[in-house]
Amino acid sequence: QVQLVESGGGLVQAGGSLRLSCAASGRTFSNYVMAWFRQAPGKEREFVAVISSSGGSTFYGDSVKGRFTISRDNAKNTVSLQMNSLKPEDTAVYYCAAGRTFRTSRREYDYWGQGTQVTVSS
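Conventions and cut-offs
Residues numbered from 1 in each chain as written. Predicted model: local features only at pLDDT ≥ 70, side-chain atom pairs only at ≥ 80, totals over all residues. Heavy atoms only, no water. Pairing = 2+ DSSP bridges. Helix = DSSP H or I, 4+ residues; strand = E, 2+ residues; numbered from the N terminus. Axes fitted to C-alpha atoms, helices over the stretch in contact; angles between N-to-C directions. Buried < 20%, exposed > 50% of the residue type's maximum accessible area, 1.4 Å probe, protein only. Contact = heavy atoms within 4.5 Å. Salt bridge = Lys/Arg side-chain N within 4 Å of Asp/Glu carboxyl O.

A. Local environment of the pairing of strand β8 (residues 78-83). In the sheet, strand β3 (residues 18-26) pairs with β8 via six bridges, with the strands oriented antiparallel. Residue Cys-22 lies in a different strand from β8, and its bridge partner there is Val-79. Strand direction decides the pairing type here: strand β7 (residues 68-73) and β8, joined by six bridges, are antiparallel. For Arg-72, the partnering residue across the bridge sits in β8 and is Val-79. Between β7 and β8, which follow one another and run antiparallel, lie four residues, and Asn-77 among them has a positive phi close to 55°.

Structure below.
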């Protein structure tokens, strides 16, 4: 089992920045691919970003490419999402997830956090 706890969400104006963090406990964090997803009201959960177990590879959804940066610290068992140039359409609950494969489908991820709300005002 892997337990994931997100933090760092909040209310920010359009154009602003937020940094989300996800703390992991349980099994060896460095064995897992980590990803961020988000879900807006009435919409399906959407892929945001993924990082390989070593941190050497990353991939982003088209809607956040160039604005968001995913990173991880295997010594501290954390994964982060730096979000810049935020837009109102970034408003959603953001979830971190742990899995075994470098994929963008939510079905590939075995463990999920409880989510943190990000609200971007116009």
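B. Focus on the sheet that holds strand β1 (residues 2-7). Ordered in space as β1-β3-β8-β7, the four strands form an open sheet in which the pairing is antiparallel. Of all strands in the sheet, those bounded by a partner on one side alone are β1 and β7. Sheet twist, expressed as the mean angle between neighbouring strand axes with direction ignored, is 15°.

C. The arrangement of the side chain of Ser-80 in detail. Along the chain, Ser-80 falls in strand β8. Since its relative accessible area comes to 9%, Ser-80 is described here as buried. Sequence-distant contacts of Ser-80, defined by excluding residues within four places in its chain, comprise Arg-19, Leu-20, Ser-21, Trp-36, Thr-69, Ile-70 and Ser-71.

D. Expanded view of the pattern of salt bridges. Within the structure shown, the criterion is met by four salt bridges. One salt bridge connects Glu-46 with Arg-38, and the closest N-O pair in it is separated by 2.8 Å. The exposure class of Arg-38 is buried, given its relative accessible area of 5%. Each member of the salt-bridge network shares a partner with another, and the members are Arg-38, Glu-46, Arg-67 and Asp-90.

E. Seen up close, the environment of Thr-104. Secondary-structure assignment places Thr-104 in the loop between β9 (92-99) and β10 (109-112). Separated by 54 residues in the primary sequence, Thr-104 and Val-50 have C-alpha atoms spaced 7.2 Å apart.

F. Geometry of unusual backbone geometry. Of note, the phi angle at Asn-77 is positive, near 55°, even though the residue is not glycine. Along the chain, Asn-77 falls in the loop between β7 and β8. Its identity is not glycine, yet Ser-85 carries a phi of approximately 50°, on the positive side. If you trace the backbone, Ser-85 turns up in the loop between β8 and β9. Given the relative accessible area of 42%, Ser-85 is considered partly exposed.

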